[in-house]
2 protein chains.
Amino acid sequence: MTSGQPLPGGQEPTLTISEVVERTGLSHDTLRYYEKAGLIERVGRTTGNQRRYAAADLAWLEFLIRLRGTGMSIADMQRFAELRSRGGATVPERLAMLRAHRADLADRMRALRRNAAALDDKIDHYERLLDQPGTDDET
Amino acid sequence: MTSGQPLPGGQEPTLTISEVVERTGLSHDTLRYYEKAGLIERVGRTTGNQRRYAAADLAWLEFLIRLRGTGMSIADMQRFAELRSRGGATVPERLAMLRAHRADLADRMRALRRNAAALDDKIDHYERLLDQPGTDDET
DNA sequence: GCTTGACCTGGAGCGCGCTCCAGGTTCTAC
DNA sequence: GTAGAACCTGGAGCGCGCTCCAGGTCAAGC
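Residues numbered from 1 in each chain as written. Chains lettered and ligands numbered in written order. Predicted model: local features only at pLDDT ≥ 70, side-chain atom pairs only at ≥ 80, totals over all residues. Heavy atoms only, no water.

Trainee: Tell me about unusual backbone geometry, and please be specific about residues and values.
Mentor: Residue and element names in this part refer to chain A. Phi is positive for Asn49, close to 70°, though the residue is something other than glycine. Tracing the chain through its elements places Asn49 in the loop between β2 (44-45) and β3 (51-54). On the accessibility criterion, Asn49 (48% relative accessible area) is partly exposed. (Helix = DSSP H or I, 4+ residues; strand = E, 2+ residues; numbered from the N terminus. Buried < 20%, exposed > 50% of the residue type's maximum accessible area, 1.4 Å probe, protein only.)

What follows is the structure, encoded as structure tokens:
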């Protein structure tokens, strides 16, 4: 017997922490930190207390990674994870959170595009400076 | 006499730190920190040692704010400011920095769009869950 | 049985980008 | 001249998101 977890339907593939590190790109420490922080529910253990991640754990981690990738804070992810752990009744609240976050993200992307445009202008400016080195207009 | 600075051409408008706070949205502390960090050259002072920002200082600050807004680190901004302070000969290096940063920014924006798309999918998923509450597919 | 490497825990530490604080000086209005 | 607001400096502190460390336990191969 290798797994300290119930096996819901047939055989459940489980992964060691190092395998999850490989698949997610997160570090060992970050995985343990996420669990401690409650971002993921306590992962199953072997009888020897070593973590074994189920496929569902991995899928959830991958979603968390995307949330992080859109700039969601750990605190908000904790709140989201807590709602999720409370079951289907919290779907409206979760949806509201994601929509708010999505709107925020859209704002940040707009700002990013504006700033990128200013950066492009500056690049153009320098390119022109190099082409005709007479004007030493320092700004 | 109010300004401890030379006045290059005609009257140079100068601003107190609080006026710059208003115009830039940066805090007093951040402005002083940026100066201490070498992001802006030492700002002119009154005889009483109070800062007076020239129009050029403000323009440079606004550019720095845009660089920050595209995710450039303080360390890189220090490097850029140092190049700028060394004069026109460093224009090629500055251009290279900005181009590299621009490419990096493009990568990050692409990643952001991918993650935003995943977020949209999840939102759709939750909306469908709410419309037909039979399937309690928790992922 | 023994070695070696993977894994465990609790807690300290770190890099970043500010932000705050104490204690003092300067400016403005009256 | 005086009160009160604005400003100065050096340095400590903070919130975030990890990252590292010490001191162990566990697992796999020989």
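Trainee: Please provide a residue-by-residue account of the interface of chain B and chain A, values included.
Mentor: The interface is formed by 37 residues belonging to chain B together with 37 residues belonging to chain A. Taken together, both faces of the contact between chain B and chain A bury some 3,400 Å²; the carbon and sulfur share is 70%. Looking at the side of chain B facing chain A, the largest losses of area belong to Leu112, Leu119 and Tyr126 of chain B, adding up to 18% of the total buried there. Our enumeration of links across chain B and chain A arrives at 4 salt bridges. A salt bridge links Arg99 of chain B to Glu127 of chain A; its shortest N-O distance comes to 2.5 Å. On inspection of chain B and its partner chain A, the count reaches 10 residue pairs in polar contact (both at pLDDT 80 or more). At the level of secondary structure, the elements contributing two or more residues to the side of chain B that touches chain A comprise α3 (55-69), α4 (74-85) and α5 (91-131) of chain B. Looking at the side of chain B that touches chain A element by element, the count peaks at 24 residues for α5 of chain B. Residues belonging to the side of chain B that touches chain A are distributed by class as follows: 18 nonpolar, 7 polar and 12 charged. (Contact = heavy atoms within 4.5 Å. Buried area = accessible area lost by both parts, 1.4 Å probe. Salt bridge = Lys/Arg side-chain N within 4 Å of Asp/Glu carboxyl O. Polar contact = N/O pair within 3.5 Å; in protein donor to acceptor, adjacent residues only side chain to side chain. Nonpolar A, V, L, I, M, F, W, Y, C, P; charged D, E, K, R; others polar.)

Trainee: How would you explain the pairing of strand β3 (residues 51-54) of chain B if you had to name every residue and give the values?
Mentor: All names here are of chain B. Side chains Arg51 and Tyr53 project from β3 onto one buried face, and the interleaved Arg52 and Ala54 project onto a second face that is buried too. Across 2 bridges, the pairing between strand β1 (residues 14-15) and β3 is antiparallel. Across the sheet, Leu15 pairs through a bridge with Tyr53, a residue of β3. The pairing of strand β2 (residues 44-45) with β3 spans 2 bridges and is classified as antiparallel. Within β3, the position partnered with Gly44 by the bridge is Arg52. With antiparallel pairing between neighbouring strands as the criterion, β2 and β3 make up a hairpin whose turn holds 5 residues, including Asn49 at a positive phi of roughly 75°. (Pairing = 2+ DSSP bridges.)

Trainee: Which residues make up the protein's contact with DNA strand C, and what are the values?
Mentor: In the vicinity of DNA strand C lie 21 residues, with Ser18, Arg32, Arg45 and Arg51 of chain A together with Asp29 of chain B positioned nearest. Among the atoms of DNA strand C lying within 4 Å of the protein, the sugar-phosphate backbone contributes 82%. One of the side-chain nitrogen or oxygen atoms of Arg45 of chain A is found 2.9 Å away from a phosphate oxygen of DNA strand C. Within the side chain of Asn49 of chain A, an N or O atom sits 3.4 Å from a sugar or linking oxygen of DNA strand C. A total of 4 residues in the surface near DNA strand C trace back to one element, the largest contributor, which is helix α2 (residues 28-36) of chain B. Class assignment of the residues belonging to the surface near DNA strand C gives a composition of 4 nonpolar, 11 polar and 6 charged. (Near = heavy atom within 4 Å.)

Trainee: With reference to specific residues and values, describe the protein's contact with DNA strand D.
Mentor: Lining the immediate surroundings of DNA strand D are 21 residues, of which Asp29 of chain A together with Ser18, Arg32, Arg45 and Arg51 of chain B lie closest. Looking at DNA strand D alone, sugar and phosphate atoms form 81% of those within 4 Å of the protein. The contact in question runs from a base nitrogen of DNA strand D to an N or O atom on the side chain of Asp29 of chain A, over 3.4 Å. No other element matches helix α2 (residues 28-36) of chain A, which puts 4 residues into the surface near DNA strand D. Residues belonging to the surface near DNA strand D are distributed by class as follows: 4 nonpolar, 11 polar and 6 charged.

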